[in-house]
Amino acid sequence: SERKEESMTGGGGSDVSSSLNRFFFFPETLCALHQLYYDPNIENKNLAQKWLMQAQVSPQAWQFCWALLSPEKVPEIQYFGASALHTKISRYWSDIPTDQYESLKSQLFSQIACFSSGSKMVLTRLCVALASLALNTMPEAWPGAVAEMVRVFQEDGGGVDGRARCLALLELLTVLPEEFQTSRLPQYRKGQVRGALGREWGSVCPLLQQLLRRTDSPGAVKARVLRCLSSWVLLDVPLSESEGLVHDCFSALPDPELFDTAVEAIVNAISQPDSQRYVNTLLKLVPQVLALQEQLREAVQNGDMETCHGICRIVVTLGENHSRTLLEQVDHWQSFLALVNMIMFCTGIPGHYPVNETTSSLTLTFWYTLQDEIMSFESDKQAVYLQVYRPVYFQLVDVLLHKAQFPSDQEYASWSSDEKEQFRIYRLDISDTLMYVYEMLGSELLSNLYDKLGRLLTNAEQPTSWQHTEALLYGFQSIAETIDVNYSDVIPGLIGLIPRININNVQLADTVMFTIGALAEWLADHPVMLSSVLPLVLQALGNPDLSVSSVSTLKKICRECKYDLPPYATNIVAVSQEVLIKQIHKTSQCMWLMQALGFLLSALPVEDILRNLHSLITPYIQQLEKLADETPNPSNKLAIIHILGLLSNLFTTLDISKQDDESADGSAPPVKTAPPPPGPNPVVVVLQQVFALIQTVLSKWLNDSQVVEAVCAIFEKSVKTLLHDFAPMVSQLSEMLGQMYSTIPQASALDLTRQMVHIFASETDHFPPIKALFELVTSVTLSIFQQGPRDHPDIVDSFMQLQAQALKRKPDLFLSESLDVKAVFHCGVLSLKFPEAPTVKSTCLFFTELLPHCSDVPPLARVVQEDGKLLVQAVLEGIGGGASRSLMDQFADVLFCLNKHCFSLLAVWLKEALQPPGFPSSRITAEQKDNFSHQILRERVNKRRVKDIVKEFTLLCRGLHGTEYAAEY
């Protein structure tokens, strides 16, 4: 015990000293520390750090850390010694015998006293080490810890001056709550220690008040006091008990050296969740916050952004955290209204965000909070508050639209790209706020905006800036994008005003376009107004600077208003063709434009569709024919992919049947609500015409996955859109797919096959070609598995999805003698062991579709009966640690299906699979395995419970049960 104590505290014996020298003070060790801090070679640094981290947690660290703190060592080496001490105390506390707590504490006090006049970084680490010791010993082994700390440092410090002792004590008191917040104490201990620290506030508060109020206290001491207060209030110190200190913080705000720390302390104190209980204290704070208005105005005048920011943080924190409490104090309504107006001043602070100011963005959340609180009151109360605050919110709209204005063209041109991006995001935040405010102000807000815009555009005497017009339109756009404005009586007037706008600027033109796009649904209900805005959109289409806004707006109009667009169709197609031929837009906008044309053509008579398709597509077909004859190279590859992309995007939205438009762009097939006109579908007509050309392209580019993917995308998007109208092409496409996949297997071909199976496998007429294709791609993929599938996780993933889809839509496919069901099953078992999570998820889906068919598909029943144990072993291997923890729900689904459909077999398989020692993990006992097995077999109805059982078992297998990782899981 004596020897161990010496080793803990750095005390006496020569044997310890010699072993210490042998262990640590040979040249290589000091070299490691010098490498860590001074060597420019990053590899040497990493090696040194790795070695030193191991040394830090070794048993010998108790000795060498004290030696490293000796005065002759440089601060970097002393810092490592102090860090090693903290590591040992915080993480390996159980290594320290209880009879050595006192000596360790004394040694730490002594070292802190020595370093109080030395290196600040070493002092801080030593304070953190003592704080960790205090947290591990309070309240039982070290009652009154903080009181003792204060007493020790207030005594004569043996040559250390009083100021240094005071700063060291404040550092210790500051890091104590911080160390508590990050400590790894068990939950029950955290509660005990939090209570003990709360009781210690009585020792801290008077000391902080005394130091803050003394006129002779140096600035450094006062700053440390404020930091200390910030740290302690995060422990939920009652606001009533820190009230005096918070008032002192306000007194410190005029001092530039103390301003930032005082702001932090005030914000932390009043934002604690418990602080709203102390209504009287909060009411006393309001006048103090209002008294900061003069300092705020001076800061604005002097361009002092830091002071503006700090004061704004205080005002917003009080308003945001306590708006309901302060609203309910009806006798003090005027002071709270004054606080709200002060926040309004902060919202409208002069200058452009983020170049001239960064404060206004802090206030936006407050307006949400205040509105929520007002609207949550009962109707009688709410009416009273609305009478007071509706005018405030109308003023807020004016302020926000002013803040959303662009600067002058010259000033905006001088901004960096980062500043422009920050301003764009700031405007989006303003847009969201306006949308929210509409919930309170309603249609009157739109009328207000319309009146302002009308006056602006019709007042010939007073010249207006484009920025003012743009901001008002932006307000309309913000609301119309998300709120249903169909019943607003001002929208016709707005549509009438838009052509009167003198569009002489890109930003203004963009906003005009986006505003028209936001009103597309309204235009669908009021098609007579299309003639007012469509020419503007088509004109903008030719401007590359308006590419995104003009194309997205045309797409919205074509989607929402397609049945009213036939009179304009010729013009729209002509303009679109022109801009496509001139290559004005980037690739993504070209694709959007094709989708817009798909929507537009869908509403035309079939003969008109075919005529427009012919003129639209012919130039691209001719270009594709030319490219198909050329020798493959990177340049013509991009051109081919571009043309194929244009066609697939056109066919994505071109649907001549009436349907639910919501799903026309989405992944789910659209819902048809009326039959299509008789005769072949125009898309099918075009596809049949270009089919031979596509085959020619494929023959030259079959090795290139991107070209194959682009070809498959044309057919996949057409199938998704046309559904059963695609029927005439099933046979030839199935044949082409089979040839493609047999030559060079690629995932995109499997994905298209899955889509075909989904739609056509259940149709008698189309079952033969679908069956032949399914058997062919299955056979080819099985041969890939025989050769080694690890290089093709994408093919394995798509193959498993295809098999799952076949089981879901047409399990009869697995009755075929040509299909090797046993091999498919074994491929699934192998795929469960892939490292790629998406592949494993798809494979689990395959098994959850397969197992229910054990009762009605005999080949599946046979293979499960014969090889089901292999599946169970693979699943257990994944749960035991072989797979990512994110996949446990999927493995649980497989076990649940096995239990539901193969109960008696599963009981046997689990017993046999779990029998070998160390499987599925060496960390679990036979008893834990039995318990897991019994729990799984008991749950045949509650899938959620099976998932919980699997999660708990995987944590046990990985040695994570009961850890902080488990808590996050």
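Residues numbered from 1 in each chain as written. Predicted model: local features only at pLDDT ≥ 70, side-chain atom pairs only at ≥ 80, totals over all residues. Heavy atoms only, no water.

A short note on the overall build of the protein chain
Heads up, the condition is: Secondary structure counts use DSSP, requiring at least four H or I residues in a row for a helix and at least two E residues in a row for a strand, with both numbered from the N terminus. The rule is simple: take the accessible area with a 1.4 Å probe, protein chains only, and divide by the maximum for that residue type; under 20% is buried, over 50% is exposed, in between is partly exposed. Contacts were defined at the residue level, with two residues in contact if any of their heavy atoms lie within 4.5 Å. We treat Lys and Arg as the positive residues and Asp and Glu as the negative residues; His and chain ends play no part in the count. Working definition for charges: the position is that of NZ of Lys, CZ of Arg, CG of Asp or CD of Glu.
Regarding its fold elements, the protein chain presents 47 helices and 0 strands. Looking at the protein chain as a whole, 53% of its 969 residues are labelled buried. Long-range contacts, defined as pairs at least 24 residues apart, comprise 73% of the intrachain contacts of the protein chain with a sequence gap of at least 6. Distance from the positive charge centre (76 side chains) to the negative charge centre (107 side chains) of the protein chain: 5 Å.

Here's the deal with the confidence of the model for the protein chain
The criterion, for reference: Along the chain, pLDDT gives the predictor's confidence residue by residue, from 0 to 100.
Summary statistics for the protein chain give a mean pLDDT of 90 and a share of 93% for residues scoring 70 or more. Contacts from residues 11–28, a stretch scored under 50 in pLDDT, to residues over four places away or in other chains number 23 contacts.

Describing the pattern of salt bridges
Worth spelling out the cut-off: Salt bridge, as applied in this entry: a Lys or Arg side-chain nitrogen positioned within 4 Å of an Asp or Glu carboxyl oxygen.
Across all of its chains, the model carries 35 salt bridges by this definition. Across the pair Asp236 and Arg194 runs a salt bridge, and its minimum N-O distance is 3.6 Å. Taken together, the positions of Asp236 in the loop between α12 (219–233) and α13 (239–252) and Arg194 in helix α11 (residues 187–213) put the pair 42 residues apart, joining distant regions of the chain. For Asp236, a relative accessible area of 33% corresponds to the partly exposed category. On the basis of relative accessible area, Arg194 is assigned to the partly exposed category, the value being 33%.

Observations regarding the side chain of Gln467
For the record, the criterion: Throughout this description, a polar contact denotes any pair of N or O atoms lying within 3.5 Å of each other; where both atoms belong to protein, one of them has to be capable of donating a hydrogen while the other can accept it, and for residues adjacent in sequence the pair is counted only when both atoms sit in side chains.
Tracing the sequence through the fold places Gln467 in helix α24 (residues 466–480). A polar atom in the side chain of Gln467 sits 3.4 Å from the side chain of Trp466. In contact with Gln467, not counting residues within four places along its chain, are Gln405, Phe406, Pro407, Ser408 and Asp409.

What to know about the packing of aromatic side chains
We apply this condition: Stacked, tilted and edge-to-face are the three classes applied to pairs of Phe, Tyr and Trp rings, where Trp contributes its six-membered ring and a pair requires centres within 6.5 Å; stacked means planes under 30 degrees apart, edge-to-face means over 60, and tilted covers the rest. Either the NZ atom of lysine or the CZ atom of arginine qualifies as a charge over a ring when it sits within 6 Å of the ring centre and within 35 degrees of the ring normal.
Under the definition given, this model contains 22 aromatic pairs. A centroid spacing of 5.3 Å and a plane angle of 85° characterise the contact between Phe406 and Tyr412, whose relative ring orientation is edge-to-face. Here Phe406 matches Tyr412 in class, with each residue buried. Judged by centre distance (5.3 Å) and plane angle (75°), the ring pair of Phe406 and Phe423 falls under edge-to-face. Highlighted residues: Phe406 in the loop between α20 (379–403) and α21 (409–414) and Phe423 in helix α22 (residues 417–441), separated in sequence by 17 residues. Each member of the pair, Phe406 as well as Phe423, carries the same accessibility label: buried. Geometry around Tyr92 places Lys88 over its ring, the cationic atom sitting 4.9 Å from the centre. Lying across the ring of Tyr412, Lys420 places its NZ or CZ 4.8 Å from the centre.

Examining unusual backbone geometry
In this chain, Met138 is followed by Pro139 through a cis amide linkage whose omega measures 0°. The residue Pro139 is located in the loop between α8 (120–137) and α9 (145–154) in this model. Look at the link from Phe919 to Pro920: it is a cis peptide, with omega at 0°. The residue Pro920 is located in the loop between α44 (903–914) and α45 (926–938) in this model. For Gln583, which is not glycine, the phi torsion reads 55° and is therefore positive. Checked against the element boundaries, Gln583 lands in the loop between α30 (569–581) and α31 (587–602).

Remarks on the side chain of Arg754
Relative to the elements of secondary structure, Arg754 occurs in helix α37 (residues 747–760). Those residues within four positions of Arg754 in sequence are excluded, and the remaining contacts are Gln801, Leu802 and Gln805.

A word on the environment of Ile89
With respect to the helices and strands, the residue Ile89 is situated in helix α6 (residues 75–91). Under the relative-accessibility criterion, Ile89 is labelled buried at 0%. Between the C-alpha atoms of Ile89 and Trp62, which are 27 residues apart in sequence, the distance is 9.7 Å.

Re the packing of α9 against α11
Using the following cut-off: Geometry is summarised by axes, namely lines fitted to C-alpha atoms with helices restricted to the contacting stretch, and by angles between N-to-C directions that run from 0 to 180 degrees. Gly counts as polar in this scheme, as do all residues outside two lists: the nonpolar Ala, Val, Leu, Ile, Met, Phe, Trp, Tyr, Cys and Pro, and the charged Asp, Glu, Lys and Arg.
Running from amino to carboxyl end, α9 crosses α11 at an angle of 35°, the nearest separation of the two axes being 7 Å. Listed contacts from α11 to Ala145, Val146, Ala147, Val150 and Gln154 of α9 are Glu200, Ser203, Val204 and Leu207. Of the residues in the contact of α9 with α11, the class split is 6 nonpolar, 2 polar and 1 charged.

Structural notes on the nonpolar core
Selection criterion: Nonpolar core, defined: a set of buried Ala, Val, Leu, Ile, Met, Phe, Trp, Tyr and Cys residues in which side-chain atoms within 4.5 Å join the residues together.
Within the largest apolar cluster, 341 residues are counted, with the highest numbers of intra-cluster contacts made by Tyr389, Phe715 and Phe726. The contacts of Phe726, once residues within four sequence positions are left out, are Val684, Leu687, Phe715, Ser718, Val719, Leu733, Met756 and Phe760.

Observations regarding the state of the cysteines
What counts, and what does not: To count as a disulfide, a pair of cysteine sulfur atoms needs to be within 2.5 Å.
What the rule picks out here adds up to 0 disulfides. Of all cysteine sulfurs in the structure, the one in Cys166 sits closest to Cys228, which takes part in no disulfide; the separation is 10 Å. When its relative accessible area of 0% is taken as the criterion, Cys228 is described as buried.

A short note on the environment of Tyr450
You can see Tyr450 is positioned in helix α23 (residues 443–458). For the pair Tyr450 and Ala223, spaced 227 residues apart in sequence, the C-alpha separation works out to 52 Å. When near neighbours in sequence (up to four residues on either side) are disregarded, Tyr450 contacts Phe476, Val490, Gly493, Leu494 and Leu497.

Remarks on α8
What counts here: To estimate how far a helix should extend, the number of its residues minus one is multiplied by 1.5 Å.
Its 18 residues place the ends of α8 26 Å apart at the C-alpha level, agreeing with the 26 Å of an ideal helix rising 1.5 Å per residue. Along α8, 15 of the 18 residues are buried, which leaves the element largely enclosed by surrounding structure.

Regarding the environment of Pro143
Relative to the elements of secondary structure, Pro143 occurs in the loop between α8 and α9. Its relative accessible area of 55% is what places Pro143 among the exposed residues. Separated by 791 residues in sequence, Pro143 and His934 have C-alpha atoms that sit 48 Å apart.

Some points on the packing of helix α39 (residues 793–809) against helix α41 (residues 837–850)
Spelled out, the test is: For classification purposes, an angle smaller than 35 degrees is called roughly parallel, one larger than 145 roughly antiparallel, one from 65 to 115 roughly perpendicular, and anything else oblique. Take the far helix as the reference: if the near one is turned anticlockwise from it by less than a right angle, the crossing is left-handed, and if turned clockwise, right-handed.
For the pair α39 and α41, interaxial distance at closest approach is 8 Å and the crossing angle is 20°. If you check the angle between α39 and α41, you find them roughly parallel. Two packed elements cross with a definite hand, and for α39 against α41 that hand is left-handed. Facing Pro793, Val796, Asp797, Met800, Gln801, Gln803, Ala804, Leu807 and Lys808 of α39, the residues of α41 in contact are Pro838, Thr839, Ser842, Thr843, Leu845, Phe846, Glu849 and Leu850. Residue composition of the contact of α39 with α41, grouped by class: 9 nonpolar, 5 polar and 3 charged.

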